[in-house]
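Here is how the chains run, residue by residue.
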Amino acid sequence: MIMDKHLKVSLPPVVVLGPSHVNALGVVRSLGEMGVRPFFVQLGHRANFVRASKYLGGSTVVSTAEEIVPYLIVLGRKLETKALLITTSDQTTAIVSQAYDKLSRFFYLSHSIDGVGLEFKMDKLWQHDLATKYGIRTPKTWTIDNSSFDDIAQITYPCFTKSRNSLAGGKSNSHICYNQGELEKILSQTPDKIIVQEQIKRVTEVDLLGFVDDEGSICMPTGYYYLNLKESSYGTKAIHDSSEQIEKKFDLDDRAIVNFIQAIGYRSGFFSIEFLIDQDNRALFTEINLRNDAHTYGATQYGANIHYGLYAKVHKIKSKEWLRLKRPQTMIADQLDFFDTVYKRKKSIWQWSREVKQFDTCLLMNRRDPLPSVRFIWDLLSKKLFMRHR
């Protein structure tokens, strides 16, 4: 089922595609703050807070992944000019990539120039091997599944497991294993291909953010590093700074990174490239996301509005307003941090609120665009009350 709220898109148009998540909300706000009112195609009914943003020119909900491509074709035929299509999840990126021939007449799409679908280039072992080829340091890595227990003997412990491709398993396969028995248990519980890497004692994690235009030029003006980390995942608090300063701070090889991205053959899309920083300040590559990163709105507030940057590039709009870097900006993923602390009763709501005020940017709460956070709280309370009365 497809439900249109309204269809009133800015010209030149832009369409944001993905679930109702702070990732999509950040794109909408980044463009909206530059006077562009995007049309949001929401996948699924799980939440609706993105659709409450004042910056939207329109929105719709598609219930299932199978409805995405047929709907986009219908939408594309209604548009007066070709639109930039921004995907905000691995799933929607893969779906659009597979339908490139059908959709490219209506939309500027992220794609691969060699004809290989982006879903295949999400393979972390493929990325690992390519990064190694271009001289980027990587953790020692093995690929394994539950049919190859004999290969486990070569692995050193502790080790870290994750899905070989985020389309299969996602974060559910992320674990630290301290011995062979723990690893065998993890493998027995999943049918997915698993990447096993040496466990790095992390000081922080770094993400460099940017886009590649339709001609292959790479723009990577900014990035961020975390102020806190979870045991087997990333944190909720970070500092956004220029890519130049981050590369100096953590001894990253800019030329090797650019060569690696160029070798992927990626076009007309956003990316985030991730590194672990160990106790010796060495940067080790983990993966590159060929889509928008959920924390990119923090870059917008830092002065690097790369969402508008790519929008202006594909539509031949001459503008320098989107790239005016400020002092480094602190950011909190307030939605995730709320669940990690207040929801789990580690902090009171009052203590948490005082801490949040110390950050320059929140990904959900926003004084200029308050309704998404209001809607999020309403949905959360409604769900809690419903569960209590079942």
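Residues numbered from 1 in each chain as written. Predicted model: local features only at pLDDT ≥ 70, side-chain atom pairs only at ≥ 80, totals over all residues. Heavy atoms only, no water.

J.: Looking at this model, I keep getting lost on the environment of Ser 59. Mind explaining?
T.: Inspection of the secondary structure assignment puts Ser 59 in strand 4 (residues 58–62). Taking the C-alpha atoms as reference points, Ser 59 and Ala 238, separated by 179 residues in sequence, lie 31 Å from one another. (Helix = DSSP H or I, 4+ residues; strand = E, 2+ residues; numbered from the N terminus.)

J.: Help me understand the packing of helix 1 (residues 22–32) against helix 11 (residues 306–314), please; the structure alone is not making it clear to me.
T.: The description of two packed helices rests on the angle between their axes and on the distance between the axes. Contact geometry of helix 1 with helix 11 gives a least axis separation of 8 Å together with a crossing angle of 65°. With respect to their mutual orientation, helix 1 and helix 11 come out roughly perpendicular. Remark: the crossing between helix 1 and helix 11 carries right-handed chirality. Each of Gly 26, Val 27, Ser 30 and Leu 31 in helix 1 lies in contact with helix 11, whose residues at this interface are His 307, Tyr 308 and Tyr 311. (Axes fitted to C-alpha atoms, helices over the stretch in contact; angles between N-to-C directions. Parallel < 35°, antiparallel > 145°, perpendicular 65-115°, else oblique. Left-handed = near helix turned anticlockwise from the far one by under 90°. Contact = heavy atoms within 4.5 Å.)

J.: Sorry if this is basic, but what is going on with the nonpolar core here?
T.: Side chains that are nonpolar tend, in soluble globular proteins, to be buried together. Core analysis: the largest hydrophobic core is formed by 46 residues, its most contacted members being Leu 31 and Phe 49. When sequence neighbours within four positions are dropped, the list of residues in contact with Leu 31 reads Val 14, Val 36, Pro 38, Ile 86, His 307, Tyr 308 and Tyr 311. Among the nonpolar cores identified, the runner-up in size contains 27 residues, and Phe 250, Ile 257, Phe 271 and Ile 277 belong to it. (Core = buried A, V, L, I, M, F, W, Y, C linked by side-chain atoms within 4.5 Å. Buried < 20%, exposed > 50% of the residue type's maximum accessible area, 1.4 Å probe, protein only.)

J.: Teacher, can you tell me more about the sheet that holds strand 18 (residues 329–332) here?
T.: Strands in a sheet are paired, the pairing made by backbone hydrogen bonds, and the direction either parallel or antiparallel. With respect to topology, seven strands assemble into an open sheet ordered 17-16-12-13-14-18-19, the strand pairing being mixed. Sheet topology places strand 17 (283–289) and strand 19 (361–362) at the edges, where each strand pairs with a single neighbour. With six bridges connecting them, strand 16 (residues 269–278) and strand 17 associate as antiparallel partners. Opposite Glu 274, over in strand 17, you have Glu 287 as the bridge partner. On the sheet, helix 9 (residues 254–264) packs against strand 12 (202–212), strand 13 (218–226), strand 16 and strand 17 and is oriented at approximately 115° with respect to strand 13. (Pairing = 2+ DSSP bridges.)

J.: Where do I start with the packing of aromatic side chains in this structure?
T.: Within a pair of aromatic rings, the relevant descriptors are the distance that separates the centres and the angle that separates the planes. Considering all chains together, one arrives at 14 aromatic pairs under this definition. With 5.8 Å between their ring centres and 85° between their planes, Phe 49 and Phe 376 make a pair best called edge-to-face. Of this pair, Phe 49 sits in the loop between strand 3 (39–43) and strand 4 while Phe 376 sits in helix 14 (residues 371–388), and the two are 327 residues apart along the sequence. Across the pair, exposure class does not vary: Phe 49 and Phe 376 are buried alike. Between Phe 106 and Phe 107, the ring centres sit 6.4 Å apart and the planes meet at 70°, which makes this aromatic pair edge-to-face. Comparing Phe 106 with Phe 107 shows no difference in burial state: the two are buried. Each member of the aromatic cluster is reached from another via a ring pair, and the members are Phe 49, Phe 338, Phe 339, Tyr 343, Trp 352 and Phe 376. In this structure, Lys 82 is placed above the aromatic ring of Tyr 108, and the distance from its NZ or CZ to the ring centre is 4.8 Å. (Phe/Tyr/Trp six-rings, centres within 6.5 Å; stacked < 30°, edge-to-face > 60°. Lys NZ or Arg CZ within 6 Å of the ring centre and 35° of its normal.)

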